[in-house]
Amino acid sequence: MRKLPTYTMTSTILVTGGTGFIGSHATVALQQAGYSVVILDNLCNSNPSVIEGIERITGTRPAFVQGDVRNAQTLDTVFTRHAIHAVMHFAGLKAVGESTQIPLAYYDNNIYGSIQLLSAMQRANVRTFIFSSSATVYGNPTTLPIPESHPRSATNPYGHSKLVVEDILESLYASEPGWRIARLRYFNPVGAHPSGLIGETPQGIPNNLMPYVAQVAAGKREKLQIFGNDYNTPDGTGVRDYIHVTDLAEGHVAALRYCEKADQDMLTVNLGTGEGYSVLDMVAAFKAASGRPIPYEITKRRPGDVASCWADTTLAKQKLGWAATKGIKEMCEDAWHWETRRTMPG
Ligand code: NAD
Ligand code: UFG
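**Concerning helix 7 (residues 209-217)**
Note that an α-helix has 3.6 residues per turn; residues three or four places apart therefore point the same way.
Thinking step 1. Counting buried positions along helix 7 yields nine of nine residues, so the element is predominantly enclosed.
Thinking step 2. Three or more residues of helix 7 are buried, namely Leu209, Met210, Pro211, Tyr212, Val213, Ala214, Gln215, Val216 and Ala217.
Thinking step 3. One or two residues past the end of helix 7 sits Gly219, with phi positive at roughly 80 degrees.

Shown next as structure tokens:
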């Protein structure tokens with residue numbers, strides 16, 4: 001079989017969605033690991049000022065192309081102008097609730113976008129691909145912690161789009177030699193870079209727990225609604241595996257290095273901490289980190305929520321030599337630092 005080159009530390013990585021929450025932290029981690037980065041983002045859910053934050057943290061400004069992953073011409077131009085060695089694909093839409101309202105937009109962006117990107121990679125003969133999948137593919141877990149072998153299912157268009165792209169990658173891998181693919185299933189990414197220079201910037205009312213709690217602590221929202229306290233969990237509220245976004249970013253670098261060492265491979269791996277915390281645990285941790293009260297009320301369950309979800313992290317340790325290092329204290333402190341810097345910049 002044809003031997004693929006092992007890339008040097010100056011390889012250039014295309015990061016789609018690189019001005020978004022996770023992509024921006026991955027860009028920092030890549031640059032700090034010695035890679036060059038080209039970001040492709042259409043800015044539908046992010047701001048170009050993120051580039052400044054990345055530059056201030058790393059001392060290097062990543063190349064930035066404002067464009068859409070669904071645009072074949074844009075992609076061909078990127079692959080022609082830059083010697084791209086691997087692609088990390090973060091670009092996509094991610095709000096579960098919204099995906100039930102505008103499913104076509106989700107399938108178009110997440111599935112068609114991935115197909116366009118993979119087709120452009122074929123044309124450019126780039127065969128290393130790191131994909132943002134999600135623990136949502138486990139549906140309602142039947143075993144905890146959740147191993148990668150757990151059956152997959154989807155209850156909403158967002159989750160379905162992740163399942164379909166996972167399957168597309170499997171078909172592609174089987175169809176021709178030389179692909180090096182990592183399907184990374186994230187648990188609940190939270191926090192921000194400790195510098196306070198980049199973080200999560202939700203538009204409108206946050207869907208996710210941590211940004212909502214941060215806004216309550218900052219006095220921007222009156223109180224948190226806790227969606228149910230009658231789950232079969234120690235305190236009745238939902239339990240999740242929250243992972244610091246910088247740990248998640250390091251997991252991507254580890255996955256890239258793993259792929260670089262292989263002639264071809266298809267890796268599917270959980271990126272989580274292996275620890276579950278309840279909504280009330282997170283509220284208490286955020287209260288301690290911010291020194292602010294977090295008023296809340298218990299409301300009814302949110303449709304589609306599962307009681308508990310946390311990762312089996314054995315495979316990540318074994319295959320990638322990677323494990324999360326930060327706990328909920330750092331997650332809350334860094335999320336609070338980011339929230340206060342944005343509220344009181346300077
Ligand atoms: P994000 O919205 O902050 O970042 C996504 C970025 O992609 C944004 O900057 C957006 O402008 C860009 N984008 C969207 N559609 C695009 C398109 N068609 N062309 C070019 N750019 C486009 O989201 P995130 O939290 O950083 O998530 C990144 C990836 O990780 C997504 O694929 C998401 O589904 C996946 N994921 C996220 C979570 C989470 O809780 N944040 C959990 C599991 C998986
Ligand atoms: N929650 C509240 N109030 C809120 C928001 C959330 O009580 O205002 C609760 C939820 O009911 C759940 C927990 O906080 O018990 C976490 O909810 P999030 O919305 O923060 O996260 P989810 O676990 O629902 O989903 C997130 C991403 C998905 C991804 C999944 C992977 O939004 O895209 O993690 O585990 F697929």
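Don't stop here, the text continues.
**Re the site of ligand 1**
Thinking step 1. Around ligand 1, the surrounding shell holds 27 residues, and the nearest of these are Ile22, Asp41, Asn45, Ser46 and Tyr158.
Thinking step 2. Backbone polar atom of Phe21 to an oxygen atom of ligand 1: 2.9 Å apart, as the coordinates give it.
Thinking step 3. In this structure, a nitrogen atom belonging to ligand 1 sits 2.8 Å away from a side-chain N or O atom of Asn109.
Thinking step 4. Per-element accounting of the shell around ligand 1 gives the leading share, three residues, to strand 5 (residues 128-134).

**Concerning the site of ligand 2**
Thinking step 1. If you check the shell around ligand 2, you find 21 residues, and the closest are Ser134, Gln225, Arg240, Arg302 and Asp305.
Thinking step 2. At 2.9 Å, a backbone N or O of Leu209 approaches an oxygen atom of ligand 2.
Thinking step 3. Contacts to ligand 2 include Arg302, whose side-chain N or O atom sits 2.8 Å from an oxygen atom.
Thinking step 4. Within the complex, the protein chains bury 88% of what would otherwise be the 690 Å² of accessible surface of ligand 2.
Thinking step 5. No other element matches strand 8 (residues 224-227), which puts four residues into the shell around ligand 2.
Thinking step 6. Residues that form the shell around ligand 2 fall into these classes: 10 nonpolar, seven polar and four charged.

**Some thoughts on unusual backbone geometry**
Most peptide bonds take the trans form, and the phi angle of most residues other than glycine is negative.
Thinking step 1. The omega torsion across Leu144 and Pro145 is -5 degrees, close enough to zero to call that bond cis.
Thinking step 2. With respect to the element layout, Pro145 can be found in the loop between strand 5 and helix 6 (157-175).
Thinking step 3. Its identity is not glycine, yet Leu43 carries a phi of approximately 65 degrees, on the positive side.
Thinking step 4. By secondary structure assignment, the location of Leu43 is in the loop between strand 2 (36-41) and helix 2 (50-58).
Thinking step 5. A positive phi angle is found at Asn125, which is not glycine, with a value near 60 degrees.
Thinking step 6. For Asn125, a relative accessible area of 47% corresponds to the partly exposed category.

**Considering the sheet that holds strand 2**
Thinking step 1. On the basis of which strands lie adjacent, the open sheet formed by seven strands has the order 3-2-1-4-5-6-11 and parallel pairing. Each of the sheet's edge strands pairs with one partner strand only, and the pair in question is strand 3 (63-66) and strand 11 (265-271). Neighbour-to-neighbour, the strand axes of this sheet turn through a mean angle of 15 degrees, independent of strand direction.
Thinking step 2. In this structure, strand 4 (residues 84-89) lies alongside strand 5, joined through three bridges in parallel fashion. Residue pairing in the sheet places His89 in a bridge with Phe131 of strand 5.
Thinking step 3. Of the strands in this sheet, strand 1 (12-16), strand 4 and strand 5 are in contact with helix 5 (residues 103-124), which crosses strand 5 at around 165 degrees.

**With respect to the side chain of His25**
Thinking step 1. For His25, the location among the structural elements is in helix 1 (residues 21-32).
Thinking step 2. Residue classification places His25 among the buried positions, given a relative accessible area of 2%.
Thinking step 3. Other than its neighbours up to four places away in sequence, His25 contacts Ala192, His193, Ile198, Gly199, Val245, Thr246 and Ala249.

The rules behind these values
- Residues numbered from 1 in each chain as written.
- Chains lettered and ligands numbered in written order.
- Predicted model: local features only at pLDDT ≥ 70, side-chain atom pairs only at ≥ 80, totals over all residues.
- Heavy atoms only, no water.
- Buried < 20%, exposed > 50% of the residue type's maximum accessible area, 1.4 Å probe, protein only.
- Helix = DSSP H or I, 4+ residues; strand = E, 2+ residues; numbered from the N terminus.
- Near = heavy atom within 4 Å.
- Polar contact = N/O pair within 3.5 Å; in protein donor to acceptor, adjacent residues only side chain to side chain.
- Areas by Shrake-Rupley, 256 points an atom, 1.4 Å probe, with all protein chains shown as cover.
- Nonpolar A, V, L, I, M, F, W, Y, C, P; charged D, E, K, R; others polar.
- Pairing = 2+ DSSP bridges.
- Axes fitted to C-alpha atoms, helices over the stretch in contact; angles between N-to-C directions.
- Contact = heavy atoms within 4.5 Å.

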